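Per-entry structural report
Here is what each chain is made of, one letter per residue.
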Amino acid sequence: MIVLGIETSCDETGVALYDTSPWENGRPASAGVLGQALHSQIAMHRDYGGVVPELASRDHIRRVLPLLDEALHEAQLKLKDIQAIAFTQGPGLAGALLVGSAFAKALAQGLNLPSIGVHHLEGHLLSALLGPSAPQFPFIALLVSGGHTQLMLVSGIGQYQLLGETLDDAAGEAFDKTAKLLGLDYPGGAALSKLAEKGQAGRFELPKPMMHSGDLDFSFSGLKTAVLNQVKKFEALGTAEENVTAQFHADLARAFVEALVAVLVSKSQKAIKQTGCKHLVLAGGVGANAQLRSALTLSAQQNHFAVHYPPLELCTDNGVMIAFAGALRLLSARNGSTHSGAFDIKPR
Ligand code: KG4
Ligand code: ZN
């Protein structure tokens, strides 16, 4: 079965074509990716310091059809080769979701195909199966994106148990807000991580919120406020030379990344211990973070569990994960027809 996947939940338009036959024949899931195309709106939103929902919706409308052509071209397929259509149903921006949903449903109706709405986070959760070292079920997933931070026990397709989540900011949100405080452009996660590499350890002692709370929940807004307090203190000293300010920013970035990574790693270890699971998957945009990846790899070695990473390009939003999650859902349902005329998006 060849499944078309459409992702439009936020500021990336993603389109992909996924063939389920390698998966069904026990071959690596990644062999099923036939074609994909992606457009990021980041440059468009940058001037506003964040995603502007109306601009996002309009850009999805402009991009989705050319991206479908591009993905079909890469896969050397025609519309008639598609057998089902998966789209991101939520969570996300309502207008942006509507574009993907309307497009997918109209196309499905025109081609007389089944369509299926996919939970965006399920796409992220399952994306590690597309990596070079795909985990077996059950596994623990640490899902860290711009909108969510969750620890999940994944026992099979559609079998997800929430173990803990953030009580306020998501990890990606904390990265982006902190990056802004340090003068970096939106979304600053990756840039903050790079800046932290230039920083020296030990200059700032930032809080590691809820590190020892005994549960698997998170809280990051206090960490961001601690950074803000340091910035205010520094600014109160008066204008500093450029290189002094740059070093201050880098050192503070390093302290922030270290504190956040320490909490994520500690809670992941705890989830592994609590459940007896021996496999951890890292997913979501912050899963691209180099410091987090190396700290988790080290923890896995020391604590005798395996850690699995999705391919770097599948950590942030993309169409492949939606095509793949939709395909697995359709395979497990086996009848596949979830088609309805309604635009049943679920922004929250
Ligand atoms: O999963 P994603 O693409 O979108 C959501 O579903 O939210 O995640 C985007 C988030 C942003 O907050 C971005 O700053 C963060 O992931 N991010 C990173 C890195 N790359 C992306 N954060 C830290 N380090 C990175 N290398
Ligand atoms: Zn996402």
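What you are looking at is a predicted structure, and each value in this text was computed from that prediction instead of being measured.

Calculation notes
- Residues numbered from 1 in each chain as written.
- Chains lettered and ligands numbered in written order.
- Predicted model: local features only at pLDDT ≥ 70, side-chain atom pairs only at ≥ 80, totals over all residues.
- Helix = DSSP H or I, 4+ residues; strand = E, 2+ residues; numbered from the N terminus.
- Buried ≥ 20, exposed ≤ 12 C-beta atoms within 10 Å, placed from the backbone.
- Contact = placed C-beta atoms within 7 Å.
- UniProt positions renumbered as here; feature names shortened; annotations may be inferred.
- Pairing = 2+ DSSP bridges.
- Axes fitted to C-alpha atoms, helices over the stretch in contact; angles between N-to-C directions.
- Domains from an automatic or database assignment.
- Nonpolar A, V, L, I, M, F, W, Y, C, P; charged D, E, K, R; others polar.

A few words on the overall build of the protein chain. When helices and strands are counted, the protein chain shows eleven helices and ten strands. Its C-alpha atoms give the protein chain principal-axis dimensions of roughly 65 × 45 × 30 Å. With 348 residues in all, the protein chain has 52% of them scored as buried. Within the protein chain, residue pairs in contact and separated by at least 24 positions form 75% of the contacts whose partners lie at least 6 positions apart.

Per the UniProt record, "binding site: substrate" (unreviewed entry) is found at Leu143, Val144, Ser145, Gly146, Gly147, Asp176, Gly189 and Asn289. Structurally, Gly146 is set in the loop between strand 6 (139-144) and strand 7 (149-156). Each residue touching Gly146, except ones within four places of it in the same chain, is listed here: Ala170, Gly172, Glu173, Asp176, Pro187 and Gly285. Mapped onto the secondary structure, Asn289 falls in the loop between strand 9 (279-283) and helix 10 (290-303).

Overall, mixed pairing links the five strands, which are arranged 3-2-1-4-5 in an open sheet. Both edges of this open sheet fall to strand 3 (33-40) and strand 5 (115-119), since each of them pairs with a single strand only. Across the sheet, the mean angle from the axis of one strand to that of its neighbour is 20°, orientation sign disregarded. Across four bridges, the pairing between strand 1 (residues 2-7) and strand 4 (residues 84-90) is parallel.

A few words on unusual backbone geometry. The residue after Gly90, namely Pro91, is reached through a cis peptide bond having omega -10°. Mapped onto the elements, Pro91 comes out in the loop between strand 4 and helix 4 (94-111). A positive phi angle is found at Gln76, which is not glycine, with a value near 55°. Tracing the backbone through its elements, the reader meets Gln76 in the loop between helix 3 (53-75) and strand 4. Residue class for Gln76 comes out exposed when judged on the 10 C-beta atoms lying within 10 Å of it. Here Met210, not a glycine, exhibits a phi torsion of approximately 60°, which is positive. You can see Met210 is positioned in the loop between helix 7 (189-197) and helix 8 (221-236).

The domain boundaries assigned to the protein chain delineate domain 1 (2-126 + 315-333) and domain 2 (133-309). Centre-to-centre separation of domain 1 and domain 2, based on C-alpha positions: 27 Å. Those elements that provide at least two residues to the side of domain 1 that touches domain 2 are helix 2 (42-46), helix 5 (120-126) and helix 11 (319-333). When grouped by side-chain class, the residues that make up the side of domain 1 that touches domain 2 number eight nonpolar, six polar and two charged.

Where strand 7 lies against strand 8 (residues 159-165), six bridges are found, and the strand directions are antiparallel. Opposite Met152, over in strand 8, you have Leu162 as the bridge partner.

Here we come to the UniProt feature "domain: Gcp-like" (unreviewed entry) in the protein chain. Per the UniProt annotation, the sites labelled "domain: Gcp-like" (unreviewed entry) are residues 33-324. Taken as a whole, residues 33-324 contains 49% helix and 17% strand, while its terminal C-alpha atoms sit 8 Å from one another.

Now for the pairing of strand 1. In regular strands, side chains alternate between the two faces of the sheet. For strand 1, the buried fraction is high: five of the six residues fall into the buried class. Summarising the sheet, strand 1 and strand 2 (residues 12-19) pair through six bridges and their orientation is antiparallel. Across the sheet, Glu7 pairs through a bridge with Gly14, a residue of strand 2. Counted along the chain from strand 1 to the antiparallel partner strand 2, the turn is four residues long.

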